[in-house]
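What follows is each chain in one-letter form.
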Amino acid sequence: MKAVLYVLGVMLLMIYPKEEFKISKNLKPYIKISFKNGPFKGTHIFKPAKGDYLSQINLGFHDKVSQISANKIISEEGIQIHNFSRSFLGEAKVGDQTTKKYTSGCGHLNFIDLKNNQKYKRIDGDFTGCTKTKITKVTPWKKSVVKFRRKVTGTFTDSIKFKITNDDGSEETIITEVTIEFLANQSKF
């Protein structure tokens, strides 16, 4: 029996190289954002909230466009990203991907102060530099019960224009630079 398990383990490592197997099994989805300045200056790691099925980080592919999206994810400091998206042309593969441009930029990053413990009510941001998104790792597709699944990691640095609505109703606009790293789930039928 031990020999059979050993052979199965060796076969798994042959099918899935160590790095790909490690990313697939050990890492949970996250978004790491380094803000150059502004209300969140510094680096923050956001993860899905436990027990909230709407809190997730995914990568979708439709009509020749991939979109990284996240909803209701939270940092250790309690900052909540209400909604995040970034699109690029083609299916995710290792290398630089051309960003898809829209009328207001090439994606968004929005915050809402749901606990009313920040000085802002909401922050709406649009990526304006439309730099390339670099995909760093892609695991092989694995069959689950209903879908095929894989994990995708990547990074990009871009300028972002934030419109901040404060608790007192005042508004301010800042433009800053952010570097974003992500690990997202992707699935297909």
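These lines cover the structure that appears in this document, whether it is placed above or below.

All right, on to the overall build of the chain then. Helix and strand counts for the chain stand at two helices and twelve strands. Beginning at the N terminus, the succession of helices and strands in the chain can be written as α-α-β-β-β-β-β-β-β-β-β-β-β-β. Classification of the 189 residues of the chain by burial places 35% in the buried group. Of the roughly 11200 Å² of accessible surface on the chain, 55% is carried by carbon and sulfur atoms.

Time to look at the pairing of strand S8 (residues 120-127). Here strand S7 (residues 107-112) pairs with S8 via five bridges, running antiparallel. From the neighbouring strand, Asn 110 faces S8, where its bridge partner is Asp 124. With seven bridges connecting them, S8 and strand S11 (residues 148-166) associate as antiparallel partners. Across the sheet, Arg 122 pairs through a bridge with Thr 165, a residue of S11.

Moving on: the pairing of strand S4 (residues 65-75). The pairing of strand S2 (residues 42-48) with S4 spans three bridges and is classified as antiparallel. When the sheet's bridge partners are listed, Lys 47 is paired in S4 with Ile 74. Connecting strand S3 (residues 56-62) to the antiparallel partner S4 that follows it, the hairpin turn spans two residues, and Asp 63 within it adopts a positive phi of roughly 50°. Hairpin connection, S4 to strand S5 (residues 80-89): the antiparallel pair is bridged by four residues, and Gly 78 has positive phi, about 90°.

Counted by the stated rule, this structure contains nine aromatic pairs. Their ring planes at 35° and their centres at 6.3 Å tell us that Phe 35 and Phe 162 sit as a pair that is tilted. Taken together, the residues Phe 35 in strand S1 (residues 30-35) and Phe 162 in strand S11 connect sequence positions 127 residues apart. Ring centres of Phe 111 and Phe 162 lie 6.3 Å apart, and the angle between their planes is 55°; on these two criteria the pair is classed as tilted. Remark: Phe 162 occurs in strand S11 and Phe 111 occurs in strand S7; sequence separation between them is 51 residues. Considered together, Phe 111 and Phe 162 belong to a single accessibility category, that of buried residues. A network of ring pairs unites the aromatic residues Phe 35, Phe 40, Phe 46, Phe 111, Tyr 120 and Phe 162 as a single cluster. Its guanidinium or amino end placed over the ring of Phe 127, Arg 86 lies 5.4 Å from that ring's centre, counting from NZ or CZ.

What counts, and where the lines are drawn
- Residues numbered from 1 in each chain as written.
- Predicted model: local features only at pLDDT ≥ 70, side-chain atom pairs only at ≥ 80, totals over all residues.
- Heavy atoms only, no water.
- Helix = DSSP H or I, 4+ residues; strand = E, 2+ residues; numbered from the N terminus.
- Buried < 20%, exposed > 50% of the residue type's maximum accessible area, 1.4 Å probe, protein only.
- Areas by Shrake-Rupley, 256 points an atom, 1.4 Å probe, with all protein chains shown as cover.
- Pairing = 2+ DSSP bridges.
- Phe/Tyr/Trp six-rings, centres within 6.5 Å; stacked < 30°, edge-to-face > 60°.
- Lys NZ or Arg CZ within 6 Å of the ring centre and 35° of its normal.

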